Structure formats: structure tokens, C-alpha cells
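Residues per chain are reported as follows:
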Amino acid sequence: MKTVYEKFGLEPGTQDFIGHAMALYLDDDYITKPARPAYDRIVLYTSSMARYGKSPYIYPLYGLGELPQSFARLSAIYGGTYMLDKPIDEIVTDADGKFVGVRSGNETVKAKQVIGDPSYFGAGKEAEGGKLRVVEDARVVRAICILKHPIPGTDDSDSVQVIVPQNQVNRRNDIYIAMVSSTHNVCAKGIYIAIVSTIVETSRPEQEIIPGLQLLGPIYDKFVTVSPLYTPVTTGEADNIFITHSYDATSHFETVIEDVHDVWKRVTGKELVLKKREVEVQE
């Protein structure tokens, strides 16, 4: 990719925009790699922009909670059971350490495989029976900010994603800003919700997101959290326990999609291919 940038004489700021805001790379390692993957990412961005108009992104009305609700409805169609507020007390395994079932209180549900996020598999706890399934490899700082105005300099947009490339603020990780509003039915009219996040690099996490907070203008209120990021230590193929990664600092869900593809391949041994579902027309 470096050769492509040099051929077209693109200055560093433009390279940052293309690599981090369009291709959505998390770092600059892609510059020393072949250009085709970056090219495909850029084409995806531009084609999405052409399809949806002013933004390449889509966001669910009523917030991200609609995604698990959609999953619950689709799961029910195929005979699945969706349970809320159900504590998980134990991941049951056999003598060889392979998955048997999940225990909640006096009830145990048995299955061939289990898929879940790190919080169900010892994240932040001592290893059960000496079995370590996830490790902490980073931390993310997030500030949920309540605004009474759109983000300045965005033409009063009702939704915005801003990516501050790492090189622009002398960091190793980008700073992400996502803003939604009453247009998405997630807050009252005249209120705007902005989330600023990044990977923690120092002992003062909140100081690290100041460049992002400064772009928001006056902040009515904010809530700051620092969360650990966990990574599974195995693929899960040996014990049939398939664990995802924690949500990172990105606001565009590209890494979440990559994680879904990764888990699918680990579980099935095949690449995930999404096809448009045929709609049956009832006469």
C-alpha cells in the first residue's frame, strides 16, 4: 500500500484518512502489506456511501438493543429459546475437559457446543479448576456524553462518526466518536448522545480521550468507564467452547463483524457466506 500512496503523492494526513476513516484499519501495519485488501475496504466504503447517501453506515432505530431483539425473534422461528436475566453458575465439562452443558441453579442445559462472550468464561476471575479460558490483553476507556446540541462543525448532523487517527494525536491507537440523537429514537428531542472511546495506553485513561471530548463542545453530563478487553486463549475446537472477544474501542463494529466470521469458521469449519433471504409470497 505504501507504493500506491507514493505513486499518487498522497500526504500523510490523506493517508491517515484513507487508512483509518475509510478502510477502518486500527493501525498502520497495512501500509507495508499488499494493497488489494485495503483497496477492497475502500471500495466497500465508497459503494456503501453511494447506496445510503450521506453516510456509509446504518444504525437501528431505538438503539443497538434492537439487534438482540431481532436475533430473539429469528431464533424463535428456528426453534431456539431466548432467556433474559438467567445467571450462569457453571460451564459443565466432562473428564476430558470437553463441553457438556451449562448450569443455572439446579438446572443444567446440555448441548454439543457453547458460544459466548468472555464474561461467561472466567473473565476477571480466577481460573476454574486450573483451566484458563480468557486473558486480559488491553483496556478500553469510554465516555458516554449527554449533549444539548449537535457536534460543532458537522453541519448540525443528527448522527456522526468521527475517527481521530492515532498519528494526529501522537498515540498508538485511534480515538473514536459516535453520536446519535432523537432521530434514532434513543433519547428525547433536543438531546444528543456521544460516545468517545479509545484503547488505554497510560495510567490516566480519561486524559487520553480529551482530544475527542474537545470536539464535542459543551458537555451537559458524562459517564466514564474503563473496561478490560479479554481474548480467548484457544480456538475452542478441542473442547467445543467457543468464546468471542470483548468489544473494543471502535464505534463502527467492523471488528465485531470480523469476530462473528471468525467464530463461525471455528464452529463450522467453513467461511460465513451471507445471502439474501428469499421471501415467500403467500397467495
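Treat the numbers as computed from the prediction; the structure is a model and nothing was measured. (Residues numbered from 1 in each chain as written. Predicted model: local features only at pLDDT ≥ 70, side-chain atom pairs only at ≥ 80, totals over all residues. Heavy atoms only, no water.)

Peer 1: Looking at this structure, I do not really get the overall build of the protein. What am I missing?
Peer 2: For the protein, the helix and strand inventory stands at seven helices and 10 strands. For the protein, the spread of C-alpha atoms along the principal axes amounts to about 60 × 50 × 50 Å. In the protein, which comprises 283 residues, the share counted as buried stands at 34%. Long-range contacts, defined here as pairs at least 24 residues apart, represent 59% of the contacts in the protein between residues at least 6 apart. For the protein, the accessible surface area stands at approximately 18300 Å², while carbon and sulfur atoms represent 55% of it. Charge-centre separation for the protein: the mean point of 30 positive side chains lies 2 Å from the mean point of 38 negative side chains. (Helix = DSSP H or I, 4+ residues; strand = E, 2+ residues; numbered from the N terminus. Buried < 20%, exposed > 50% of the residue type's maximum accessible area, 1.4 Å probe, protein only. Contact = heavy atoms within 4.5 Å. Areas by Shrake-Rupley, 256 points an atom, 1.4 Å probe, with all protein chains shown as cover. Lys, Arg positive; Asp, Glu negative; His and termini not counted. Charge placed at Lys NZ, Arg CZ, Asp CG, Glu CD.)

Peer 1: Is there a simple way to explain the packing of helix 2 (residues 12–22) against helix 3 (residues 36–52) in this structure?
Peer 2: When two helices pack together, you describe them by how their axes are tilted relative to each other and by the distance separating the axes. At a closest axis distance of 9 Å, the pairing of helix 2 and helix 3 adopts a crossing angle of 75°. When the axis of helix 2 is compared with that of helix 3, the two are roughly perpendicular. Between helix 2 and helix 3, the residues in contact are Ile18, Ala21 and Met22 and Arg41, Ile42, Tyr45 and Thr46, respectively. Along the lines of polarity and charge, the residues of the contact of helix 2 with helix 3 split into five nonpolar, one polar and one charged. (Axes fitted to C-alpha atoms, helices over the stretch in contact; angles between N-to-C directions. Parallel < 35°, antiparallel > 145°, perpendicular 65-115°, else oblique. Nonpolar A, V, L, I, M, F, W, Y, C, P; charged D, E, K, R; others polar.)

Peer 1: Could you clarify how one ought to interpret the nonpolar core in this entry?
Peer 2: Soluble globular proteins tend to pack their nonpolar side chains together in the buried interior. Cys145, Leu147, Ile151, Val196, Leu213 and Leu216 are the most contacted members of the largest nonpolar core, which has 17 residues in total. Contributing elements (two or more residues each) for this core: strand 5 (134–147), strand 6 (160–164), strand 7 (175–181) and strand 8 (192–199). If sequence neighbours within four positions are ignored, Leu147 has contacts with Gly190, Ile191, Tyr192, Ala194, Leu216, Pro218 and Ile219. In terms of nonpolar packing, the next biggest core, distinct from the first, is built from 11 residues, Met1, Ile18, Ile42 and Tyr45 among them. (Core = buried A, V, L, I, M, F, W, Y, C linked by side-chain atoms within 4.5 Å.)

Peer 1: Just to check I follow, could you spell out the sheet that holds strand 3 (residues 107–110) for this structure?
Peer 2: In sheet architecture, strand pairing relies on hydrogen bonds along the backbone and comes in two forms, parallel and antiparallel. Read from one edge of the open sheet, three strands run 1-2-3, paired in antiparallel fashion. Pairing within the sheet leaves two strands with one partner each, and these edge strands are strand 1 (90–93) and strand 3. Going across the sheet, the axis of each strand differs from the next one's by a mean of 30°, ignoring polarity. Judged from the four bridges that link them, strand 2 (residues 99–104) and strand 3 form a sheet pairing that is antiparallel. Bridge assignment links Arg103 to a residue of strand 3, and that residue is Thr108. (Pairing = 2+ DSSP bridges.)

Structural measurements only, silent on function.
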